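# Structural description and commentary
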Amino acid sequence: MDAQSGGYGLIEQGALVVEGDRIVWVGEEEQLPERYADLPRHDLGGRLVTPGLIDCHTHVVFGGDRAREFEMRLEGASYEEIALAGGGILSSVRATREADEAALLASALRRVDTLLAEGVTTLEIKSGYGLDLESELKMLRVARRIGAIRPVTIRTTWLAAHALPPEYKEDRAGYIRDVVIAGMEAGHAEGLIDAVDGFCEGIAFSREEMAQIFEHAARFGLPVKLHAEQLSDLHGAEMAAQHGAMSVDHLEWLGQDGIDAMAASGTVAVLLPGAFYTLRETKYPPVQALRDAGVPIALATDCNPGTSPLTSILLTMNMGATLFRMTPAECLTGVTRHAATALGLADRGQIAPGMRADLAVWDIEHPAELTYRIGFNPLHARFVGGELV
């Protein structure tokens, strides 16, 4: 696929050859090399094949839900009133801490299975709702377990720098030391962490605090990414790009300094229209400026209990087009090739020789239908690592 210039790189009457978990040839069926003529074949009946979809920013492992909080907001309750009634992120923290791994796994699988049913073959899962060392590690153990029992690649992200828990209200430095950094070391030793993330906002962690956390990540050889510029411009994107961040996510308030830094570092801009929609935001991410600078743009569900209770990658694509005015080709590339780059995965997101054979097969005539339709799932089949699932 080539989203630039509006094209998809479609091959009519195409064929591809898979050996093991890799694509080894792709082209027009009539040009299939003779050496592949006797291989077993899957006739897909003229259906459209795309790379398997990639959700590169999710929080699908958490305890409880916040439906009542959602209802209270619509009834006119303020943020403070909701917090006093036990709502907000701390309600998710309490529920996550109280749930054991089996309970967290059972609830997460319902959300994960919905995403897989829409063609997702690679899924990022963050911690961030435990906010103590053991609960954060527990979340990532559950994420690893999902990858062991479902046909999907899981990438895990350490997001202890998500919010400050009540017990550390007067000791920010202590939380960063005792939980964020100590937990990063423990999780890395246990093989639980693929990347390190944080929330850089006035209500969360400062640019300077996140830079300190990123320096520790570098000591463990862990790549970084950042929630930034969602509610204000703290220039977190610029700092993250200077640390070689794989992605910076949200970005509604992103300024030109951040755009230029991301362009220079190859950092992906991950846009999260589900949170924009749920929070009824009015400040749009600078999509045209990102395009003009050549910054890759990915899309993700941001599935979480508070600000984006979204488990549809297809609806995310529609929102990217309808809310952010991305083209259908950009939306598809945003949940394939650019999403793969946002996770540091160079071996997927495209149908090309050498790429991992993660594929989605669709009952549609044209790829624009994936973005155009609302509440309609045309998935026919998934291939994960060359295996039909």
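Residues numbered from 1 in each chain as written. Predicted model: local features only at pLDDT ≥ 70, side-chain atom pairs only at ≥ 80, totals over all residues. Heavy atoms only, no water.

## Here we look at the overall build of the chain
Heads up, the condition is: Secondary structure elements are taken from DSSP: a helix is a run of H or I of four residues or more, a strand is a run of E of two residues or more, and numbering for both begins at the N terminus. Taken over C-alpha atoms, the radius of gyration is set against a globule rule of 2.2 Å times the number of residues to the power 0.38. Any residue under 20% of the maximum accessible area for its type is buried, any over 50% is exposed, and the rest in between are partly exposed; the area is computed with a 1.4 Å probe on protein chains only. Note on contacts: a residue pair qualifies if any of its non-hydrogen atoms lie within 4.5 Å across the two residues. We count Lys and Arg on the positive side and Asp and Glu on the negative side, and we leave His and both chain ends out. Throughout, a charge is located at the NZ atom of Lys, the CZ atom of Arg, the CG atom of Asp or the CD atom of Glu.
Helix and strand counts for the chain stand at 15 helices and 14 strands. Expected size for 389 residues packed as a compact globule is a radius of gyration near 21 Å; at 21 Å, the chain falls within 12% of this value. When its C-alpha atoms are laid out on the principal axes, the chain stretches across 70 × 45 × 45 Å. Within the span of the chain, comprising 389 residues, buried residues form 54% of the whole. The contacts of the chain with a sequence gap of at least 6 include a subset with a gap of at least 24, amounting to 69%. Counting 33 positive and 55 negative side-chain charges, the chain places the averaged centre of each group 3 Å from the other.

## Observations concerning the UniProt feature "binding site: 4-imidazolone-5-propanoate" (unreviewed entry) in the chain
What counts here: UniProt positions are given in the numbering used here, feature names are shortened, and annotations may be inferred rather than shown by experiment.
In this structure's numbering, the residues bearing the UniProt feature "binding site: 4-imidazolone-5-propanoate" (unreviewed entry) are Arg66, Tyr129, His162, Gln230 and Thr307. With respect to the helices and strands, arginine 66 occurs in the loop between β4 (53–55) and α1 (67–74). A relative accessible area of 12% means that arginine 66 is categorised as buried. With sequence-adjacent residues up to four places away left out, arginine 66 is seen in contact with Gly88, Ile89, Ser91, Ser92, Tyr129, Pro305 and Gly306.

## Points about the confidence of the model for the chain
Note the following rule: The predictor attaches a confidence to each residue, called pLDDT, with possible values from 0 through 100.
Across the chain, pLDDT averages 95, with 97% of residues at or above 70. pLDDT under 50 marks residues 1–6. Its contacts with residues more than four places away, or in other chains, come to 17 contacts.

## Some thoughts on the packing of aromatic side chains
Just so we agree on the cut-off: Here a pair means two rings of Phe, Tyr or Trp (six-membered ring of Trp) with centres within 6.5 Å. Their orientation is stacked below 30 degrees between planes, edge-to-face above 60, and tilted elsewhere. A ring is considered to have a charge above it if a Lys NZ or an Arg CZ atom is located within 6 Å of its centre and within 35 degrees of its normal.
One pass over the structure, following the stated rule, counts 5 aromatic pairs. Taken together, a centroid distance of 6.3 Å and an interplanar angle of 65° make the contact between phenylalanine 62 and tyrosine 129 edge-to-face. Here phenylalanine 62 is found in the loop between β4 and α1, whereas its partner tyrosine 129 is found in the loop between β5 (120–126) and α5 (133–149), with 67 residues between them in sequence. On the basis of an interplanar angle of 40° and a centroid distance of 5.0 Å, the ring pair of phenylalanine 276 and tyrosine 284 is categorised as tilted. Its relative accessible area of 4% is what places phenylalanine 276 among the buried residues. Among the aromatic residues, those joined into a ring-pair cluster are Tyr168, Tyr175 and Phe205. The aromatic ring of phenylalanine 62 is capped on one face by arginine 111, whose charged end is 3.8 Å from the ring centroid. A cation sits over an aromatic face here: lysine 283 above tryptophan 253, 4.8 Å from the ring centre.

## A word on helix α7 (residues 207–219)
As a reminder of what qualifies: Expected helix span is computed as 1.5 Å times (number of residues minus one).
The end-to-end C-alpha distance of α7, which contains 13 residues, comes to 19 Å, matching closely the 18 Å that a straight helix rising 1.5 Å per residue would cover. Taken residue by residue, α7 has Glu209, Met210, Ala211, Ile213, Phe214, His216 and Ala217 as its buried positions. Close packing links the buried residues of α7 with β6 (153–161), α6 (172–189), β7 (195–200), β8 (225–228) and α8 (236–242). Looking one or two residues beyond α7, the residue adopting positive phi is glycine 221, at roughly 70°.

## Considering the pairing of β6
Applied cut-off: Think of it this way: DSSP has to see at least two bridges between two strands before they count as a pair. A clockwise course of the path from the first strand over the helix to the second, judged with the strands pointing away from the viewer, identifies a crossover as right-handed.
Across the 9 residues that make up β6, a large majority, 8, are buried. With 3 bridges joining them, β6 and β7 adopt parallel strand pairing. Across the sheet, residue alanine 161 finds its bridge partner in β7, namely glycine 198. Each parallel crossover has a hand, and for β6 linked through α6 to β7 it is right-handed.

## Digging into the environment of proline 305
The topology assignment puts proline 305 in the loop between β11 (297–299) and α12 (313–322). Residue proline 305 is classed as buried on the basis of its relative accessible area, which comes to 8%. A C-alpha to C-alpha distance of 9.9 Å links proline 305 and phenylalanine 70, two positions 235 residues apart in sequence. For proline 305, the contacting residues outside a window of four places in its chain are Phe62, Arg66, Ser92 and Tyr129.

## Quick notes on the pattern of salt bridges
Applied cut-off: For this analysis, a salt bridge means a side-chain nitrogen from Lys or Arg found within 4 Å of a carboxyl oxygen belonging to Asp or Glu.
Evaluation of the coordinates by the stated rule reveals 27 salt bridges. For arginine 348, the salt bridge identified is with aspartate 347, shortest N-O distance 2.9 Å. What makes arginine 348 buried here is its relative accessible area of 8%. By sharing partners, the salt bridges in this structure join Asp21, Arg22, Asp347, Arg348, Arg356 and Asp358 into a single network.

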